[in-house]
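Inside the fold
Spelled out from the first residue to the last, the chains are:
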Amino acid sequence: MLSVKENLIVDFSADLLKKFAEVVSRYPEGKQKSALLPLLHLVQEEYGWLSVDAMDKVALFLNIQPIEVYEVATFYTMFLLQPQGKYLLEICRTGPCCLVGAERIMQHIENKLGVKEGEVTPDGLFSWRGVECLAACGFGPVLQIGPAYTFYENLTEESVDKLINELKEKAKTEA
């Protein structure tokens, strides 16, 4: 089910529309729907998440029904349907990582950041969520930070604290 907690009205820039056209040109005539995944990635890169309005405009651009875009956006976990923090911590929650402490790490992150899964910290820097296998079973618990998908393995509460502090410092220098 499509679940968007807030909407964002968007107006795609000429530059973004130019990128759309370039991507669509890679596909045979009549097969422009094949460009849907890369277009959604471009929109998310531009806005940080996919609002209903943005998805509707992608559907219009591709001349497909909005539901076709929603189906794809809700299927793939890399598409975000609500605003996230600048740093989205994604913690593997599958069996192998849980056996070595992933649930403890998730609880620690919740306590450290003061927000529940899917929420954004008041400063807008962090959000977190449990995700399915990150393909590092021998190095768990593991997390990744999108959108660059940087991996951190063999997590401990101390290494998570260090990571969060480093990200806070990085955000200050980028401001």
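These numbers come from a predicted model, not from an experiment. (Residues numbered from 1 in each chain as written. Predicted model: local features only at pLDDT ≥ 70, side-chain atom pairs only at ≥ 80, totals over all residues. Heavy atoms only, no water.)

This part covers the sheet that holds strand E3 (residues 143–146). Taken together, the four strands give an open sheet; going across it, the order is E2-E1-E3-E4, and neighbouring strands pair in mixed fashion. Each edge of the open sheet is held by one strand with a lone partner, namely strand E2 (126–131) and strand E4 (150–152). Neighbour to neighbour, the strand axes of the sheet diverge by 25° on average, direction disregarded. Pairing of E3 with E4 involves three bridges; the strand directions are antiparallel. Within the sheet, the bridge partner assigned to Ile145 lies in E4 and is Thr150. On the sheet, helix H7 (residues 157–174) packs against strand E1 (87–92), E2, E3 and E4 and is oriented at approximately 160° with respect to E1. (Pairing = 2+ DSSP bridges. Helix = DSSP H or I, 4+ residues; strand = E, 2+ residues; numbered from the N terminus. Axes fitted to C-alpha atoms, helices over the stretch in contact; angles between N-to-C directions. Contact = heavy atoms within 4.5 Å.)

This next bit is on the pattern of salt bridges. Oppositely charged side chains can form a pair if their charged atoms are brought close together. Applying the stated criterion to the full structure yields 13 salt bridges. Across the pair Asp15 and Lys19 runs a salt bridge, and its minimum N-O distance is 3.8 Å. One end of the pair, Asp15, and the other, Lys19, are both in helix H1 (residues 14–24), four residues apart, so they sit about a helical turn from each other. One connected set of salt bridges, linked through shared partners, spans Arg93, Glu117 and Glu132. (Salt bridge = Lys/Arg side-chain N within 4 Å of Asp/Glu carboxyl O.)

Turning next to the state of the cysteines. By the definition in use, this model includes zero disulfides. Sulfur of Cys97: no disulfide; nearest cysteine sulfur belongs to Cys92 and is 3.6 Å away. You can see Cys98 has no disulfide; the closest cysteine sulfur is in Cys92, sitting 7.2 Å from it. (Disulfide = S-S within 2.5 Å.)

Mapped onto this numbering, the UniProt entry annotates "binding site: [2Fe-2S] cluster" (unreviewed entry) at Cys92, Cys97, Cys133 and Cys137. Separation in sequence by 46 residues is not matched in space for these annotated residues, since their most distant C-alpha atoms are only 9.1 Å apart. In this fold, Cys92 is placed in strand E1. Beyond its immediate stretch of four places on either side in the chain, Cys92 contacts Cys97, Ala102, Val131, Glu132, Cys133, Leu134 and Val142. (UniProt positions renumbered as here; feature names shortened; annotations may be inferred.)

So, on to the side chain of Thr121. Along the chain, Thr121 turns up in the loop between helix H6 (102–113) and E2. Sequence-distant contacts of Thr121, that is, excluding residues within four places in its chain, are made with Leu113, Val115 and Phe126.

Where helix H2 (residues 36–47) meets helix H3 (residues 52–62), the axes come as close as 11 Å, and the angle between the chain directions of the two elements is 140°. On the basis of their axis angle, the class for H2 and H3 is oblique. Like other packed secondary-structure pairs, H2 and H3 cross with a definite hand, here right-handed. Counted together, Leu36, Leu39, Leu40 and Val43 of H2 and Ala54, Val58, Phe61 and Leu62 of H3 form the full contact between these two elements. Broken down by class, the residue content of the contact of H2 with H3 amounts to eight nonpolar, no polar and no charged. (Parallel < 35°, antiparallel > 145°, perpendicular 65-115°, else oblique. Left-handed = near helix turned anticlockwise from the far one by under 90°. Nonpolar A, V, L, I, M, F, W, Y, C, P; charged D, E, K, R; others polar.)

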